[in-house]
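Each chain is listed here by its residues.
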Amino acid sequence: MTGGVTLGGPDRVAPWQRLGYRLMDIFLHVGAHRTATTSFQHYLHANTGPIKALGVSVWGPRQVRNGLFSGIFPKYRAAPNPASVKRACGRVSLQLAKISDAGTSKLLVSEENMIGSSRQCVHNAMLYPAVGERMARFDEVFGHRVKRVMLTLRSPDMWWSSAIGYTVSRGHTVPDDAAIGSIAASQRSWRDVITDLACALPNTEIQVSTFEEYAARPDALFARITDEPAPPNTQTFWRNRTPDLTALRRLLAEYGKPQNPLPQTTSGRWQPFTDAQTHAMRESYADDLFWLAAGADGLATLTVDPTRKRAGASQPPGELKKGHDNDSRQRKLA
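One structure accompanies this document, and this report is about it.

Membership of the largest hydrophobic core comes to 64 residues, with the highest contact counts inside it found for Leu28, Tyr128, Met135 and Phe142. Counting residues in hydrophobic clusters, the runner-up holds 14 residues, among them Phe40, Met150, Ala220 and Leu221.

Here the structure, examined in full by the defined rule, presents 8 aromatic pairs. Note on Phe69 and Phe142: the rings are 6.0 Å apart at their centroids and 70° apart in plane angle, and the pair reads as edge-to-face. One end of the pair, Phe69, is in the loop between helix 4 (61-64) and helix 5 (82-101); the other, Phe142, is in the loop between helix 7 (131-141) and strand 6 (146-153), and 73 residues separate them in sequence. By relative accessible area, which is 0% here, Phe142 ends up buried. Geometrically, the ring pair formed by Trp159 and Trp160 is edge-to-face, given 4.9 Å between the ring centres and 90° between the ring planes. By the burial criterion, Trp159 is buried, and Trp160 matches it. An aromatic cluster is defined as three or more aromatic residues linked by ring pairs; in this entry it consists of Phe69, Phe73, Phe138 and Phe142. The ring of Phe73 is capped by Arg134, whose NZ or CZ atom sits 4.0 Å from the centre of that ring. Stacked on the ring of Phe211, the Lys or Arg Arg154 has its end atom at 3.9 Å from the ring centre.

The next thing to look at is the environment of Leu108. Here Leu108 lies in strand 5 (residues 106-110). The sequence separation of Leu108 and Val56 amounts to 52 residues, and the corresponding C-alpha distance is 7.1 Å. With sequence-adjacent residues up to four places away left out, Leu108 is seen in contact with Phe27, His29, Phe40, Leu44, Val56, Ser57, Val58, Trp59, Phe222, Ile225 and Thr226.

Turning next to the pattern of salt bridges. With the rule as written, the count across this model stands at 10 salt bridges. For Glu111, the salt bridge identified is with Arg65, shortest N-O distance 2.7 Å. Remark: Arg65 occurs in the loop between helix 4 and helix 5 and Glu111 occurs in the loop between strand 5 and helix 6 (118-124); sequence separation between them is 46 residues. Given the relative accessible area of 4%, Glu111 is considered buried.

Cut-off values and rules
Residues numbered from 1 in each chain as written. Predicted model: local features only at pLDDT ≥ 70, side-chain atom pairs only at ≥ 80, totals over all residues. Heavy atoms only, no water. Core = buried A, V, L, I, M, F, W, Y, C linked by side-chain atoms within 4.5 Å. Buried < 20%, exposed > 50% of the residue type's maximum accessible area, 1.4 Å probe, protein only. Phe/Tyr/Trp six-rings, centres within 6.5 Å; stacked < 30°, edge-to-face > 60°. Helix = DSSP H or I, 4+ residues; strand = E, 2+ residues; numbered from the N terminus. Lys NZ or Arg CZ within 6 Å of the ring centre and 35° of its normal. Contact = heavy atoms within 4.5 Å. Salt bridge = Lys/Arg side-chain N within 4 Å of Asp/Glu carboxyl O.

This is the structure in structure tokens:
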């Protein structure tokens, strides 16, 4: 049979591309938003040639936001149309077969909107409330063949201030004190997001990185996701930054929206939370990182960069007892 291989009979014929599709590893970089995802995607685009030479294909926003996943999340229906989901699965399957035939051994999909949007988080005053349902649908679209998902975290006080500033810069209303208080008091943490993600993808490896460690090092993040040697990061990628207060005031004026909710300071980064709220959110982040470092109940793995130098043993060699041993030997005071 042209373009296929017979496996013992007419009912057991598998196209060559289906065999390649099965063998190709699929990696998903799902953000989160406001963790240098756009900068990472610019790094991938700038290094298309070297990455392709590794046998790795990349799907970023330019590839997936042109209707590839259309129909998975209907706008005006409570549940997706099965026919629309089936068509989406077919589109993705065809594209996977195409790149597999071209020699791709690994596919990296970098699209932060897979887990939701920062605007939805701000509107619901919680971190990615629908991440489980969304990622379960993407798992179906990719034929349950996703090998690894990389999620990047950021300290909640900084993540929320960035997310709020970004949504305001896109013309949305500045949250009032009550809305800010609801966000700060939310009990949903990154641990809950990771748990939902792991439940939606039970056969997929979940890796977690941090913004604080990888934001300025997209090459290191690429290597962690794909297990491939990363092309050197020779450029400075810092894209889609949150506007500062001066820029936010200018944008609000252009949208015709009031500037009163913004603080009176003239410039600098907007931090909408009080000191007490910031402290509580950072404490929650520390708890999440401790949970990850302790094994995350077997649900996820906190990535550790092997190129970073770690602290050695804190106890110096020598005597392990406190004080001096003069008195014990001479049996008299100095």
